[in-house]
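Analysis of the macromolecular model
Single-letter residue listing:
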Amino acid sequence: MSKTVLKVTDLVRHYPLPKEKLFSDQRYVYALNGVSFEIKEGSSFGIVGESGCGKSTLARNVMALEETDSGSVQILGNEVVGKSFSELRPLRQHFQMVFQDPYGSLDPHHTVGRIVAEPLTAIDDLSKEERAKRVEEVLSSVGLKPTDAEKYPHEFSGGQRQRIAIARALITRPALIVADEPVSALDVSVQAQVLNLLRDLQDEFGVTYMFISHDLAVVEYLCDEMAVMYLGSVVEKGRTEDIYANPAHPYTRILLDAVPNPASGKKRNRIRLDGGVAGQTERRQGCAFQDRCPMAQDKCRSETPALKSVGGDHIAACHFSDKVSQLGAG
Amino acid sequence: MLLLDVENLNVDLSTAKGPARAVRNLNIQLEKGETLGIVGESGCGKSMTALALMGLLPDNGTATGAIRLGGENLLDKSEAEMCRIRGNRIAMIFQEPMTSLNPVHTIGRQIMEPLRLHRGLDKKDAMEEVVRLLDRVGIPNPSERVRNYPHQLSGGQRQRVMIALALSCAPDILIADEPTTALDVTIQDQILDLIQTLVEEEGMSLVLISHDLGVIAENTQKVVVMYGGTVVESGNTDKIFDELTHPYTQGLFAAMPKVGMGRNKRLTTIPGTVPDLVNLPKGCTFTDRCPIATDACRDTVPAIQDMSSTHQVACHHMQNAITARETGGLYK
């Protein structure tokens, strides 16, 4: 049926830390410890987690913006890991990125037309007229006017700038768009416009999204499938509805509980999480979440839980995933 | 008794394009021990209100009206007098703890500063008090942490230090301007819980400023919704979220993705963007984006009307807005 657009297998990325002493052992930041997932054509895949969990590292590695230690990233069947800059160049039209900050990601010295047309330089065989036509098309599909191509980024508001960034990602007609927190810098009323735009573009062009966000409500609105990351590993993955209805990892459950609810009435009773995300500079035995987990037991300290199915495609890495639903009930 | 009474506060910022009217005719009353939320999008004037209360407006800003703290108008005070009030009777927690702490001083030294200045403690006593405060805000090993620099702490811990700093002189009013926006949800939860507990135990009043309706709903007793520099809706938090009435508030609530709403519904959007504060419409600031606006909205500023004794709305077409709310919403 639908083909796989992105296949990530066992992706590992460890950043070496500067040595404190000349002969001390090399230490690392363990940013990604073997992440695997697949995204089918025309669907949206959400990646959720707190800061420092490796979400953005994952995006950079999928986009081949930095060297990967090991593992494989296949986009439309083409391996991306280990390719040189010039080998990657013709492939880049198939995967594009939208960044978080629409103020930092658009060059203030270039006109919108030039910014949006820039990815086309990876495609050699386009005439000047064709380029101009594509810019016009893509600007109108994100709700901007063709005449906006003459303007500069400072003439636009935050939401409009993010539309420009989306237009730039769309112009090569990519199969995959990696969006790293594309709406978190925007106001609520503007955020809704951009989210709806992303959905419409998917219906219209059949783009596939890898959507990175810390906002669980946004992910629920946009994504078919999702993965929850904690300290460089996927701890839960599955269809969005399944995860929201029956979280099978205590971390997912607590994240969902922590989202403040805009409704009248008193505070909900919920499980709180102590402590912050621990550093990732040590490799430890057992589950990465053991120190903060309200249901951690001896087994969690000695044995690293593997991802296992809790029903269909819904997988979670917890020894006691069947007990998560009882959390906070007693 | 009435602790804080803000009457007809106007804040103008002079810009190259002319005066930007950041806050217009703002009225706020705050009792002792009460918690008030100010909610709105960027540019609605919520941070400028906070800065005006603290007497910390930027050089191009001027405030008129009255801000009465226990009967004294803060706008009449000299800078020297404000220095004795600021940090002592009104304290503030800022959004980004990394930029509001001084990176070249230890956190102990920074928290000591108001203690020595306002409470006249000597170095030794001040340091003891710092350790007690850090312990109070839940920093582990406070006696060792006092020697740390801000970069040695995580974002959540830095915000705890900011809270300790704000608490140091037991202020009457704590102003928290987006205290958790830069933090993860689980940390946000911890910090809001801490602020809530401290406010209750110390009997302080709290002004909590946020763009997040959820944060406001769960942490305040009264709420004020601002748009384009003015209050469009205000009331008691425990009721208002069932009866959001002003077209802007209805739209803001509908535009917000909420956990549990699923993927089948489409988010409603408010067309257009926030108004330019330099060229505000003569009448209601929401006119250009409002689905039920008429000529009257464009020309005359709507008066604040009572929906009930604890719920006020500033809209010419309040009845239409109520009807629309009850029949499926204004935004289709």
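In the block above lies the structure referred to throughout.
Now for a quick tour of the structure. (Residues numbered from 1 in each chain as written. Chains lettered and ligands numbered in written order. Predicted model: local features only at pLDDT ≥ 70, side-chain atom pairs only at ≥ 80, totals over all residues. Heavy atoms only, no water.)

**Some remarks on the overall build of chain B**
Across its full length, chain B holds 13 helices and 12 strands. Relative to a compact globule of 332 residues, whose C-alpha radius of gyration would be 20 Å, chain B shows 21 Å and is just as compact. Reported as C-alpha extents along the three principal axes, the dimensions of chain B are approximately 65 × 50 × 40 Å. A total of 332 residues make up chain B; the buried ones form 55% of that total. In chain B, 64% of the contacts between residues at least 6 apart in sequence involve partners at least 24 apart. A total accessible area of about 14,100 Å² is found for chain B, and carbon and sulfur atoms account for 49% of it. (Helix = DSSP H or I, 4+ residues; strand = E, 2+ residues; numbered from the N terminus. Rg over C-alpha atoms; globule rule 2.2 N^0.38 Å. Buried < 20%, exposed > 50% of the residue type's maximum accessible area, 1.4 Å probe, protein only. Contact = heavy atoms within 4.5 Å. Areas by Shrake-Rupley, 256 points an atom, 1.4 Å probe, with all protein chains shown as cover.)

**Let's talk about the packing of aromatic side chains**
All names here are of chain A. With the rule as written, the count across this model stands at 8 aromatic pairs over all chains. Look at F37 and F45: their rings are 4.8 Å apart centre to centre, the planes differ by 5°, and that puts the pair in the stacked class. The buried category is assigned to F37, whose relative accessible area is 4%. Relative accessible area serves as the criterion here: at 1%, F45 is assigned to the buried category. Summarising the aromatic geometry, the rings of Y251 and F289 are spaced 5.2 Å apart at their centres and angled 65° between planes, so their arrangement reads as edge-to-face. Separated by 38 residues along the polypeptide, Y251 in helix α9 (residues 250-258) and F289 in the loop between α9 and α10 (298-302) bring together distant segments of the chain. Residue classification places Y251 among the buried residues on the basis of a relative accessible area of 0%. On the accessibility criterion, F289 (2% relative accessible area) is buried. (Phe/Tyr/Trp six-rings, centres within 6.5 Å; stacked < 30°, edge-to-face > 60°.)

**Let's talk about the sheet that holds strand β4 (residues 61-69) of chain B**
As summarised here, the arrangement of the 4 strands in space is β2-β1-β4-β5 (chain B), forming an open sheet in which the pairing is antiparallel. Every other strand in the sheet has two partners, leaving β2 (18-31) and β5 (72-73) of chain B as the edge strands with one partner each. (Pairing = 2+ DSSP bridges.)

**Re the sheet that holds strand β8 (residues 205-210) of chain B**
Residues and elements named next belong to chain B. The strand order across the open sheet built from 8 strands is β6-β7-β8-β3-β9-β10-β12-β11, with neighbouring strands paired in mixed fashion. Sheet topology places β6 (90-93) and β11 (304-308) at the edges, where each strand pairs with a single neighbour. Across the sheet, the axes of successive neighbouring strands diverge by a mean angle of 20°, strand direction being ignored. Pairing geometry for strand β10 (residues 230-236) and strand β12 (residues 311-314), over 3 bridges, is antiparallel. Counted as the bridge partner of S234 is Q312 from β12. The sheet strands contacting helix α13 (residues 318-326) are β11 and β12, and the helix crosses β11 at an angle near 40°. (Axes fitted to C-alpha atoms, helices over the stretch in contact; angles between N-to-C directions.)

**Some thoughts on the pairing of strand β1 (residues 4-16) of chain A**
Residues and elements named next belong to chain A. Here β1 runs beside strand β2 (residues 28-40); their pairing, made up of 10 bridges, is antiparallel. The residue of β2 that forms the bridge with V8 is F37. Judged from the 5 bridges that link them, β1 and strand β4 (residues 70-75) form a sheet pairing that is antiparallel. Looking across to β4, one finds that K7 is bridged to Q74.

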